[in-house]
Each structure stands twice: as structure tokens, then as C-alpha cells.
Amino acid sequence: MAELILSPNLTQADDFYADLVAAHEGLEKSESDAFNARLVLVLANHIGDNAILKQALEAAALKQE
Amino acid sequence: MNKIFEVPLYAYEASPDQSAPAPVRHKVIVVGAGPVGLAAAIDLAQQGVEVLVLDDNDKVSFGSRAICFAKRPLEILDRLGCGQPMVDKGVLWNKGKVFFDERQVYEFDLQPDSGDQRPAFINLQQYYFEQFLVDRVRELQAQGAPIEIRGRNKVEAVGTHPDHVKLEVETPEGSYTIEADWVIACDGAGSPMRAMMGKDFVGRVFEDNFLIADVIMEADFPSERWFWFDPPFNKGQSALLHKQPDGVWRIDLQLGWDIDKEREKRPENVIPRLKAMLGEDVNFELEWVSIYTFQCRRMEQFRHGRVIFAGDSAHQVSPFGARGANSGVQDTDNLCWKLKLVIDGKAPESLLDSYDQERIHGADENILNSTRSTDFITPKSQMSRILRDAVLDLSEHYDFARPMVNSGRLSVPCVYDGSPLNSADALNGPSQTRPGASCPDAPLGDDFLLPKLAGRFTLLTIDADAPDEIEVDGITVKRLALSVKDDPTLTLKRRYLGDATGAVYLIRPDQHVAARRDTYEENAFRHAVRRATGKE
Ligand SMILES: Cc1cc2nc3c(=O)[nH]c(=O)nc-3n(C[C@H](O)[C@H](O)[C@H](O)COP(=O)(O)OP(=O)(O)OC[C@H]3O[C@@H](n4cnc5c(N)ncnc54)[C@H](O)[C@@H]3O)c2cc1C
């Protein structure tokens with residue numbers, strides 16, 4: 001089964017982070033929430049693998065075993 | 001005006017059973033002449049099983065009920081001899097539009113699959129559906145088939161015994177007692193049979209109300225399914241517009257939970273709502289208005305000894321996805337051949353337990369789909385609304401989000417994966433025809449495959465050898481020999497062979513695959529027949 005990558009994988013981590021924050025600039029809270037929701041859906045579709053997405057949902061929940 | 005739902009179709013008539021000195025015993029009694037009870041009775045009568053239908057009413061179902069019938073039930077109705085009038089009368093559609101807020105977000109076109117005789121869906125009022133079934137009952141009676149419907153015969157008490165069931169029936173001329181070897185309870189979601197037997201019916205009620213209106217209008221809306229999320233004329237809620245025969249349109253308007261139902265139903269409140277939706281200058285007449293609350297629930301078991309529940313009495317779903325009547329007809333399709341074998345002593349009674357397993361599997365699938373649709377249409381939390389709206393907003397711009405838009409997943413037949421009647425898959429073939437699946441259709445020149453598979457066990461060979469007939473414990477299995485050359489469109493090959501060069505399928509009387517291999521092997525297929533009839 002494919003494994004979710006949880007080790008550093010972004011070549012330009014600082015750039016991505018800055019873009020992400022910038023994308024929210026000037027947005028109301030409700031607009032930001034909607035943006036985040038759309039972003040998750042766009043990324044999920046790109047990943048396109050339910051097994052990976054399940055692992056991602058678990059990883060994001062921060063529940064330590 | 002004499003609407004068809006106002007005319008008694010099976011008026012009360014006294015039966016000799018009412019004055020018999022001792023209770024008369026019938027082979028099978030079906031309680032309820034709704035779509036499911038009628039389908040069950042026709043199926044049994046066609047197989048020569050004596051069947052009596054009791055209904056507390058004498059008319060077809062009135063008001064706003066099922067309108068959308070899917071391909072698989074139509075194929076079953078073909079087997080029951082009444083698919084054609086339904087398709088002739090029904091409205092064909094394959095286009096739809098989805099609106100969100102004030103705008104159209106996308107439209108779709110479900111390209112008709114040319115490999116099937118029947119369309120993906122038709123829209124037809126439930127009262128026509130029932131009327132065509134009653135017409136078929138009359139036709140069978142004229143041919144001498146052992147089938148009878150008794151109107152205004154209300155079952156008021158039930159007694160279960162190891163070898164029969166006793167029913168107390170109320171009529172306009174008093175009550176009488178009759179008996180049956182088997183009873184099929186098709187008495188609807190409120191099933192008095194279920195209540196009288198003290199059986200549970202648990203599940204989830206959706207805290208929401210829907211105004212369902214059927215309106216007659218002369219308007220040039222196309223034959224499409226239009227669904228609105230959060231439209232300006234019904235803020236925060238949903239709406240649906242769908243065409244039916246005779247210029248009747250079905251409109252669903254979600255109303256929310258805290259409403260005064262009686263008030264909302266009054267024409268002076270309904271008409272302004274509809275005008276806001278359809279436009280001020282559209283002329284329409286209300287045929288029927290009701291307010292429904294929907295639920296998803298099922299009985300824990302459908303078979304209770306000699307009483308077997310089918311249709312809404314056994315399971316209920318919200319109508320998004322059109323799964324109620326559609327799945328009920330699949331219940332009877334599953335049940336009747338099994339009951340016939342048991343009645344004839346050709347299969348053990350335990351075969352009927354596979355009805356429970358297979359149709360509970362089907363009901364759970366329907367409940368899951370219908371619950372998901374309801375949750376998409378009515379998000380249950382702030383975040384689920386944000387996600388839902390995100391899907392809709394994305395769907396306007398990108399194809400990828402459209403499959404996530406859920407305004408009802410239209411009914412497709414359930415695959416009986418894991419059924420005890422299946423034999424292990426021994427063909428490296430397409431997954432859509434694996435054991436447990438219902439056979440997809442395929443064109444054969446001027447004809448189609450499914451009508452050739454109807455009503456008995458069949459050994460379907462495609463470019464493979466097999467005997468013309470085998471007999472297994474009194475069950476005759478006839479061969480249908482085909483070649484990929486019989487279908488120049490190659491649908492048969494695509495659906496039944498895939499990469500294989502030949503195949504042998506054992507197909508059940510309900511057109512589900514029981515077993516398949518690349519070649520005929522006497523022993524394997526004998527076992528498969530025994531397995532498919534509950535003997536292994
Ligand atoms: C608004 C709405 C829209 C729907 N849309 C669709 C759709 O598009 N597609 C779809 O497939 N389904 C749809 N459905 C569901 C569909 O209407 C039902 O699933 C279907 O009617 C179930 O059929 P049935 O025969 O099991 O029960 P019913 O149709 O309820 O019939 C039960 C029968 O039993 C009789 N009866 C009851 N008690 C007794 C008694 N004690 N003695 C004798 N007889 C008795 C009744 O008179 C009745 O005739 C919709 C439902 C609603 C409400």
C-alpha cells in the first residue's frame with residue numbers, strides 16, 4: 001500500500017508557506033474557511049488515492065498512538 | 001375529473017373464502033398491492049404459484065410518490081411482462097442542471113449507453129406504474145394464471161405457525177380468516193404486519209421537511225432534472241424540478257425542520273413559493289401537495305419464518321436517489337424464484353435466508369447512499385456546509401468536483417458480493433460481471449441478451465463448449481450459446497469476457513451471476529448450481 005509522506009518533501013518549504021499565508025491575506029474569516037476547504041478538495045483530487053488520503057486525515061488529527 | 005388514482009381498480013367483491021366453513025389455505029398471500037406486492041404476485045403467478053393479494057384499499061397509490069424508475073427495475077418488469085408500457089408512457093431524460101445560489105454551476109448529460117435495451121431511468125408517476133402492474137395481473141388472469149387481488153381486504157391480525165400463517169381479514173362485509181403456506185408482507189413503510197408481529201424498524205429520521213408538489217403546467221422547461229442548492233427562491237434550502245408524463249412536473253422544496261406543516265400545505269402558501277421558483281407568469285395547476293419527513297431505516301431481519309417482508313415494509317430510504325420502489329422490485333426479483341424452488345421441494349427452506357443476506361446488503365447500500373445524499377443536501381454542521389459549498393463552487397470551474405456533488409445517487413443494482421450463493425470467481429474477466437453481479441445487457445443483432453436469460457437457471461457460454469442442458473437435483477439448467485461475433489458492437493465481449501477468449505457463466509433466474517469460469521467443467525458447475533440453491 002502507498003504510504004503518506006511525512007518526512008520533509010517540499011523543496012522550497014518557506015516559499016510554499018509564504019504563498020499559503022499570502023493567499024489568505026485580506027480575506028474575512030468565512031472566506032478563508034471557504035478557501036481552505038477548496039484547497040483541501042483540490043489537493044485531495046490531485047492525490048487521488050483514498051488510502052493516502054485516509055492516512056492524511058489521521059495524520060492531521062494529531063492523535064498519537 | 002376522473003384521475004386514475006380516483007378510480008377503483010380492484011373493487012371489493014365477496015369471495016367464497018368469506019363464507020367457507022373452515023379457513024381456506026392459499027399457497028402464497030401477498031399483503032399490500034403497492035408496486036412491490038404487485039410485482040411479487042405477478043412473478044409468482046408467472047411461475048405457476050397460486051397467489052392471492054390483499055389490499056386494504058381498492059385504488060392505485062394517490063398523490064406524490066415515486067416518479068423515477070431505473071434501468072434494473074425496468075429490466076425486471078420486462079421479465080414480468082410489463083416493462084414496455086412503462087417505457088412507452090414514461091418520460092426519458094438524461095440531461096440535468098445543477099444550480100447553486102443564483103447561478104447554474106454545471107450541466108450534465110448521462111449519455112445513454114447503447115449496449116442496453118432499457119434507458120438509465122424513466123420518469124413515470126407511481127399511479128401509472130401500479131396501473132400497468134394491475135393491467136398485467138388482469139392479462140395473466142385472462143390466461144388462467146392463479147392470481148387474484150382482493151380490494152378492501154385489510155389484514156388485522158396475524159398468527160404464525162410452523163407450517164402456515166393465519167390472517168384475520170376485515171372487509172366491508174365483516175371479517176374472515178384465511179391461511180397461507182407463505183406470506184409476503186408488502187404493506188408499506190407503516191407496515192401493520194410488522195407492528196402486529198412486534199418487529200423493530202430502527203434507523204435515522206432526518207430532521208427536515210420537504211414540500212412535494214406535482215403541478216400541471218404548460219411550460220417549456222426541458223425534460224431535464226434541475227436541482228438547486230440554496231436558491232434565491234428558497235434561501236438556505238434546496239429545490240428540485242423534474243418532468244413527468246402528461247405535462248405534470250414534480251417539485252421538491254426543502255422547508256427545514258421547524259415549520260407548521262398544515263400552514264405550509266395550504267395553496268395560498270404553496271402558490272407564491274412555486275411562482276418564485278417558476279416565474280410569475282407561468283400558469284400551473286396543483287395536482288397534489290404533501291409534506292414529507294424522510295427516514296432511513298430497515299428491519300433487522302426481513303424473513304421471519306413463513307412471513308417475508310419486502311419493499312418499504314422492510315426498509316425505507318429518503319427519496320434522493322429514487323431507491324424505494326426501485327429496490328423493492330429488486331427484493332421480489334430476488335425472493336420469488338427462491339420461494340418457487342422451496343415450494344416445489346427443489347431447494348431447502350434455508351435458501352430463503354439468502355434473501356435476507358442479499359437484500360439486507362442491498363438495503364444497507366441504499367441507506368448509505370441515501371444518507372450521504374441527504375447529508376450533502378442538508379449539511380449537519382457549519383464545517384460540513386463550508387465543505388459542501390466548496391464542492392459546489394469548485395464544480396462551476398473544474399470537472400473534478402462534479403462527482404462529489406450529491407443531489408441523489410440514482411439507483412443502480414447491488415452486487416451480492418460475499419453471498420453464500422456465489423461460487424468463487426474462476427474467470428479472469430470484467431469485474432462488473434463477477435459472481436453476485438446482475439447481468440448487464442448486451443445487443444445481439446436485432447435482439448438483446450437479457451430477455452434470453454429470464455426466469456430460469458442458464459448456462460451462458462461465450463465461445464465455449466458445454467452440454468445443451470444439465471440437470472442438478474431436479475433443476476434444469478439450459479445453455480445459451482453465444483459468440484462474441486453475435487455482437488458486432490463488442491459490448492458482450494467487453495462486459496462478459498474482457499481479456500478472456502471464452503467464458504461459461506451460470507446465471508440465476510433473477511439474472512445475477514452465480515459462477516463463471518473460462519471453460520465448462522461438469523463438476524464445478526454442478527457444485528455451483530447446488531450452491532446457488534442453498535444446498536452447499
Ligand atoms: C415523495 C416521494 C418520492 C419518491 N420517489 C421515488 C422514486 O422516484 N423512485 C422510487 O423507486 N421510489 C420513490 N419513492 C418511494 C416509493 O414510493 C416507495 O418505496 C414504494 O411505494 C414502496 O412500495 P411498497 O409496495 O413497498 O409499499 P406501498 O406503496 O406503501 O404499498 C403498500 C400497500 O399495502 C397496503 N396495506 C397497508 N396495510 C395493509 C393491511 N393491513 N392490509 C392490507 N393491505 C395493506 C396499502 O394500502 C398499500 O397499497 C418515493 C416516495 C415518496 C414519498
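Residues numbered from 1 in each chain as written. Chains lettered and ligands numbered in written order. Predicted model: local features only at pLDDT ≥ 70, side-chain atom pairs only at ≥ 80, totals over all residues. Heavy atoms only, no water.

A.B. asks: Can you help me understand the pairing of strand S2 (residues 51-54) of chain B in this one?
C.D. replies: Across a regular strand the side chains alternate sides, sitting on one face of the sheet and then on the other. Residue and element names in this part refer to chain B. Alternating residues of S2 divide into Val51 and Val53 and Leu52 and Leu54, and every residue in both groups is buried. Pairing analysis gives 4 bridges linking strand S1 (residues 24-31) to S2, with the strands arranged parallel. Across the sheet, residue Val31 finds its bridge partner in S2, namely Leu54. Once the chain exits S1 it traverses helix H1 (residues 35-46) before rejoining the sheet at S2, and the crossover so formed is right-handed. In terms of strand pairing, S2 meets strand S8 (residues 147-150) through 4 bridges, oriented parallel. By the bridge assignment for S8, Val51 is matched with Ile147. (Buried < 20%, exposed > 50% of the residue type's maximum accessible area, 1.4 Å probe, protein only. Helix = DSSP H or I, 4+ residues; strand = E, 2+ residues; numbered from the N terminus. Pairing = 2+ DSSP bridges. Right-handed = clockwise from strand over helix to strand, strands pointing away.)

A.B. asks: Explanation requested: the pairing of strand S6 (residues 103-109) of chain B in the structure shown.
C.D. replies: Residues and elements named next belong to chain B. In this structure, strand S5 (residues 95-100) lies alongside S6, joined through 6 bridges in antiparallel fashion. Of the residues in S6, the one forming a bridge with Phe100 is Arg103. Turn length for the S5-S6 hairpin, with the two strands adjacent in sequence and antiparallel, is 2 residues, and the turn residue Asp101 shows positive phi of about 60°.

A.B. asks: Please clarify how the domain arrangement of chain B should be interpreted in this entry.
C.D. replies: Accessible area lost on assembly of the parts is the figure often given for the size of an interface. Residue and element names in this part refer to chain B. In terms of domains, chain B is made up of domain 1 (3-15 + 24-89 + 119-201 + 296-365) and domain 2 (431-532). For domain 1 and domain 2, the distance between their C-alpha centroids amounts to 29 Å. The three residues of domain 1 that bury the most area against domain 2 are Arg72, Arg79 and Trp337, which together make up 52% of that side's buried surface. Linking domain 1 with domain 2 are 1 salt bridge. At the junction of domain 1 with domain 2, the criterion picks out 5 residue pairs in polar contact (both at pLDDT 80 or more). Those elements giving two or more residues to the side of domain 1 that touches domain 2 turn out to be helix H2 (71-79), helix H8 (324-343) and helix H9 (351-377). Per-element accounting of the side of domain 1 that touches domain 2 gives the leading share, 5 residues, to H8. The class makeup of the residues in the side of domain 1 that touches domain 2 is 3 nonpolar, 1 polar and 7 charged. (Domains from an automatic or database assignment. Buried area = accessible area lost by both parts, 1.4 Å probe. Salt bridge = Lys/Arg side-chain N within 4 Å of Asp/Glu carboxyl O. Polar contact = N/O pair within 3.5 Å; in protein donor to acceptor, adjacent residues only side chain to side chain. Nonpolar A, V, L, I, M, F, W, Y, C, P; charged D, E, K, R; others polar.)

A.B. asks: Sorry if this is basic, but what is going on with the interface of chain B and chain A here?
C.D. replies: Listed by partner, the interface residues are 8 residues for chain B and 7 residues for chain A. In total, about 700 Å² of surface goes out of reach between chain B and chain A, with carbon and sulfur atoms giving 86% of it. In terms of surface lost to chain A, no three residues of chain B exceed Ile386, Leu394 and Phe400 of chain B, which account for 55% of the buried area on that side. Counting every contact that joins chain B to chain A gives 0 residue pairs in polar contact (both at pLDDT 80 or more). (Contact = heavy atoms within 4.5 Å.)

A.B. asks: What is the right way to read the site of the ligand from this model?
C.D. replies: Residues and elements named next belong to chain B. In the vicinity of the ligand, 31 residues are found, and the nearest of them are Asp55, Asp56, Gln126, Asp312 and Asn326. A distance of 2.7 Å separates an oxygen atom of the ligand from a polar side-chain atom of Asp55. The set of elements that each furnish at least two residues to the shell around the ligand consists of H1, strand S9 (154-160) and H8. Broken down by element, the residue count for the shell around the ligand peaks at 3 residues, all from H8. Residues belonging to the shell around the ligand are distributed by class as follows: 15 nonpolar, 9 polar and 7 charged. (Near = heavy atom within 4 Å.)

A.B. asks: Honestly, the sheet that holds strand S7 (residues 121-123) of chain B in this entry has me stumped. Any pointers?
C.D. replies: What holds strands together in a sheet is hydrogen bonding between their backbones, with the strands either parallel or antiparallel. All names here are of chain B. Taken in spatial order, the 3 strands make up an open sheet running S3-S7-S4, and their pairing is antiparallel. Looking along the sheet, the strands with just one partner apiece sit at the ends: strand S3 (68-70) and strand S4 (91-92). In terms of strand pairing, S4 meets S7 through 2 bridges, oriented antiparallel. When the sheet's bridge partners are listed, Val91 is paired in S7 with Asn123.

A.B. asks: Sorry, what's going on with H1 of chain B here?
C.D. replies: All names here are of chain B. For H1, spanning 12 residues, the distance from its first C-alpha to its last is 17 Å, which sits close to the expected 16 Å at 1.5 Å a residue. Of all 12 residues that make up H1, 11 are buried, and the element is covered over most of its length. Positive backbone phi, at 80°, marks Gly48, one or two positions downstream of H1. (Expected span 1.5 Å × (residues − 1).)

A.B. asks: Looking at this structure, how should I read the environment of Gly408 of chain B?
C.D. replies: Residue and element names in this part refer to chain B. Considering the arrangement of structural elements, one finds Gly408 in the loop between helix H10 (382-397) and strand S22 (443-444). Judged by relative accessible area, which is 13%, Gly408 ranks as buried. Separated by 86 residues in sequence, Gly408 and Ala322 have C-alpha atoms that sit 7.8 Å apart. Residues within four places of Gly408 in sequence aside, it is in contact with Phe320, Gly321 and Ser373.

A.B. asks: Would you mind showing me how to read the packing of H8 of chain B against H9 of chain B here?
C.D. replies: Helix-helix packing: each pair is described by the crossing angle between the helix axes and the interaxial distance. All names here are of chain B. One way to put it is that H8 packs onto H9 with a least axis distance of 9 Å and a crossing angle of 170°. As judged from the angle between their axes, H8 and H9 are roughly antiparallel. Contacts between H8 and H9 involve Ser327, Gln330, Asp331, Asn334, Leu335, Trp337, Lys338, Leu339, Leu341 and Val342 from the first element and Leu351, Leu352, Ser354, Tyr355, Glu358, Arg359 and Asn366 from the second. Within the contact of H8 with H9, the residues separate by chemical class into 8 nonpolar, 5 polar and 4 charged. (Axes fitted to C-alpha atoms, helices over the stretch in contact; angles between N-to-C directions. Parallel < 35°, antiparallel > 145°, perpendicular 65-115°, else oblique.)

A.B. asks: Please explain the pattern of salt bridges as it appears in this structure.
C.D. replies: If charged atoms from side chains of opposite charge come close, those side chains can pair. Residues and elements named next belong to chain B. Applying the stated criterion across every chain, the model contains 48 salt bridges over all chains. Residues Arg434 and Asp417 are paired through a salt bridge, measuring 2.9 Å at the closest nitrogen-oxygen approach. In this pair, Arg434 is assigned in the loop between H10 and S22 and Asp417 in the loop between H10 and S22, connecting sequence segments 17 residues apart. Residue classification places Arg434 among the partly exposed positions, given a relative accessible area of 24%. Here the salt bridges do not stand alone but share partners, grouping Arg25, Lys27, Lys166, Glu179 and Asp181 into one network.

A.B. asks: What's the story with the sheet that holds strand S25 (residues 469-472) of chain B in this structure? I'm lost.
C.D. replies: Residue and element names in this part refer to chain B. Read across the open sheet, the 5 strands follow the order S25-S26-S24-S27-S28; overall the sheet is mixed. This sheet does not close on itself; its edge strands, each paired only once, are S25 and strand S28 (513-517). Strand-to-strand twist in this sheet, taken as the mean axis angle between neighbours without regard to direction, amounts to 20°. Here strand S27 (residues 503-507) pairs with S28 via 4 bridges, running antiparallel. Within the sheet, the bridge partner assigned to Tyr505 lies in S28 and is Arg516.

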